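# Structure at a glance
Here is how the chains run, residue by residue.
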Amino acid sequence: MSAITRDEVAHLARLSRLALTDDELDHYATQLDAIIESVAKVAEVAAEDVPPSSHALPLTNVFRADEARPSLTPEQALSGAPAVEDDRFQVPRILGEEA
Amino acid sequence: MTAGTLMPYDEALERFEPVLGLETHVELGTRSKMFCGCKTTFGAPPNTQVCPTCLALPGALPVANAMAIESTIRIGLALNCSIAEWCRFARKNYFYPDMPKNYQISQYDEPLCFDGYLDVEVNGETVRIGIERVHLEEDTGKSTHVGGATGRIHGADHSIVDYNRAGIPLVEIVTKPIPGTDRLAPDVARAYVTELREIMRSLGVSDVRMEEGSLRCDVNVSLMPRGASEWGTRTETKNVNSLRSVERAVRSEIERQAAVLADGGTIVQETRHFHEDTGTTTSGRSKEEAQDYRYFPEPDLVPIAPDPAWVAELKAALPELPSVRRKRLQAEWGLSDLDMQAMHNADAFDLVEATVAAGAPAADARKWWMGELARRANETGVPLAELAITPAQVARVTELVASGALNDKLAREVLEGVLGGEGSPDEVVEARGLQIVNDEGELSAIIDKVLADNADAADKVRAGKIAAAGALVGGVMRASKGKADAARARQLILEKLGVSE
């Protein structure tokens, strides 16, 4: 029995716009469970004196000066777009896809 | 109850108490974007200020803009906030094409600034607004919806996106819930946003133009029955884009929620849209449905740890804040609260202060800016500061009046000339020949002519009917095209006619 439920996988799938079949929901629930269990093992070795880390680099305050640099041309920027209209990226209808 | 029913404001306030919350977004005026070097110029042609980083092309990595961090900390300090000693950016994940990454880099549970306050004046009372947090994020792209009848997202066939704005540094300022404002709720909301805008200006961190979207406000409102201790369900009205709209949105939402509650209904926690034309709000998407952003620490950026010594330096170097400045100016200029309010509303402090700095007495500077110039600005529909006249030029006009070279009527003509692009005040005086007639000989000649042309009136005065002199003075003013000193002309007329007052 998974700690991750089918409903949770279905919720994640919906947020990620993935259409999963019932079989896939079960499959991924089991897999996600295994991943979470493995990651949880880190907690077993983390001692009180080890602060939580969110980054592999032991750095803070990496900034750039506020200087403008050349941008792409609109042609370059739009060259990978599946559809273009008026120098803008054309995207499918936004509302209605969830209805 | 039908949708759209409102309860009259007075009745709503008799039965319910409002609780407010305000979320304000300020686009910083940095030269480059938050995480890349693209320019931030407003109104540039579409997709001309984009690069691999802000378009989220594979392999591109963000690096935080030092000036944006500094500006955010300065905003936090001006709002009496604590500054985090260590905090991180977070990813806010969502599917919407206004961000090419499918997430926005924002801050979540570790804002850069937190726990401050801002005092605002409403009806002569000071209201302290708690500040929950000030955090830094990136702005989104601009979508245009094509194919619908109204240009709105509903009914659109498809949308087109310009990513010039995507990645511009955006500061979000969130208040704590504001209870106890009672019927002043709309005024408090407006006063808060007005004060915030002035603080941003004095800090020089943003041009805060609501009409261009560099200052945007979301208004949260809930109601509870009078005497209740538990707050009601709130709604969030998005993107209210003028000071007047902030006030109207609060008022309208109070009237709407009161009608729903009085009818036994419940308020749905949702996003609502404000409509400028009707001053009312309509339902947007339901909040619960929309909010599952799966925030997590941004792995592409390292934490921010502002050095406390640097933060102390920034604090010490803050400019005089607007409320402090207003109190100082009021004392220096000896103005009433009402005068101050009028100047505040007209956005005239900078102009009057600069005019005084250029040598004009405060009373004169105020008189011209709040009188003739405010009238002109109003007529032409431009803000006072955008009139084609400088404080130094206004100061010169007050100087000419004080020296007796101009009277008020002539001064108004000089202002008109300067506004019309005819040059400096002295050039306008010269070109239009507007000096007061100081030459007694010239004035005397004008009077002689007027007396000769108006023999009847002159006789009446000679016979002791002093009141008839008014018409003769009028004649002199007309004959001199308004350039005579009226009091001196009257004196001379009476002398010449051998009578006295």
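Please refer to the structure placed before this passage.
Residues numbered from 1 in each chain as written. Chains lettered and ligands numbered in written order. Predicted model: local features only at pLDDT ≥ 70, side-chain atom pairs only at ≥ 80, totals over all residues.

### Comments concerning the overall build of chain A
The helix and strand inventory of chain A stands at 3 helices and 3 strands. Order of helices (α) and strands (β) in chain A, N terminus to C terminus: α-α-β-α-β-β. At 22 Å, chain A has a C-alpha radius of gyration far larger than the 13 Å of a compact globule built from 99 residues. Each principal axis of the C-alpha distribution contributes one length, and for chain A these read about 55 × 45 × 20 Å. Counting every position in chain A, which comprises 99 residues, the buried fraction comes to 8%. (Helix = DSSP H or I, 4+ residues; strand = E, 2+ residues; numbered from the N terminus. Rg over C-alpha atoms; globule rule 2.2 N^0.38 Å. Buried ≥ 20, exposed ≤ 12 C-beta atoms within 10 Å, placed from the backbone.)

### What about the overall build of chain B?
Per the secondary structure count, chain B includes 17 helices and 15 strands. What you see for chain B is a C-alpha radius of gyration of 30 Å, clearly larger than the 23 Å of a compact globule of 501 residues, by over 25%. Seen along its three principal axes, the alpha-carbon backbone of chain B occupies a region of about 95 × 55 × 50 Å. Looking at chain B as a whole, 39% of its 501 residues are labelled buried. In chain B, 69% of the contacts between residues at least 6 apart in sequence involve partners at least 24 apart. (Contact = placed C-beta atoms within 7 Å.)

### Things to note about helix α12 (residues 408-419) of chain B
All names here are of chain B. A rise of 1.5 Å per residue sets the reference length of α12, with its 12 residues, at 16 Å; its end C-alpha atoms lie 16 Å apart and thus fit the reference within 8%. Taken together, the buried positions of α12 are Leu410, Ala411, Val414, Leu415 and Val418. Looking straight down α12, one finds its buried side chains confined to an arc of 145°; they lie on one side. Two residues or fewer past α12, Gly421 is found with a positive phi of approximately 80°. (Expected span 1.5 Å × (residues − 1). Arc of directions from axis to C-beta.)

### Quick word on the sheet that holds strand β5 (residues 103-106) of chain B
Residue and element names in this part refer to chain B. In spatial order, the strands read β5-β4-β15; together these 3 strands make up an open sheet with antiparallel pairing. The open sheet has two edge strands, β5 and β15 (296-297), and neither has a second partner. Bridging between strand β4 (residues 90-93) and β15 involves 2 bridges; their strand directions are antiparallel. When the sheet's bridge partners are listed, Ala90 is paired in β15 with Pro297. (Pairing = 2+ DSSP bridges.)

### Things to note about the interface of chain B and chain A
At the junction of the two partners, chain B supplies 41 residues and chain A supplies 32 residues. Where the side of chain B that touches chain A is concerned, the elements lending two or more residues are β2 (64-65), α2 (66-78) and β9 (158-162) of chain B. At 5 residues, the largest contribution of residues to the side of chain B that touches chain A is made by β9(B). Of the residues assigned to the side of chain B that touches chain A, the class counts are 23 nonpolar, 11 polar and 7 charged. Bridge count between strand β3 (residues 88-92) of chain A and β9(B): 4 bridges; the pairing is antiparallel. Bridge pairing in β9(B) links Phe89(A) to Val161(B). (Nonpolar A, V, L, I, M, F, W, Y, C, P; charged D, E, K, R; others polar.)

### Some details on the packing of helix α16 (residues 469-479) of chain B against helix α17 (residues 486-496) of chain B
Residue and element names in this part refer to chain B. Packing of α16 against α17 brings their axes to within 9 Å, and their N-to-C directions diverge by 125°. With respect to each other, α16 and α17 are oriented oblique. The crossing of α16 and α17 is right-handed. In contact with Ala469, Leu472, Val473, Val476 and Met477 of α16, α17 contributes Ala486, Ala489, Arg490, Ile493 and Leu494. The class makeup of the residues in the contact of α16 with α17 is 9 nonpolar, no polar and 1 charged. (Axes fitted to C-alpha atoms, helices over the stretch in contact; angles between N-to-C directions. Parallel < 35°, antiparallel > 145°, perpendicular 65-115°, else oblique. Left-handed = near helix turned anticlockwise from the far one by under 90°.)

### Considering α17(B)
Residue and element names in this part refer to chain B. Burial in α17 covers these residues: Ala489, Leu492 and Ile493. The buried residues of α17 occupy an angular sector of 105° when the element is viewed end-on, so they sit on one face. Those residues of α17 that are exposed and angled more than 90 degrees off the buried face are Ala487 and Glu495. Downstream of α17 by one or two residues, Gly498 has phi in the positive range, about 70°.

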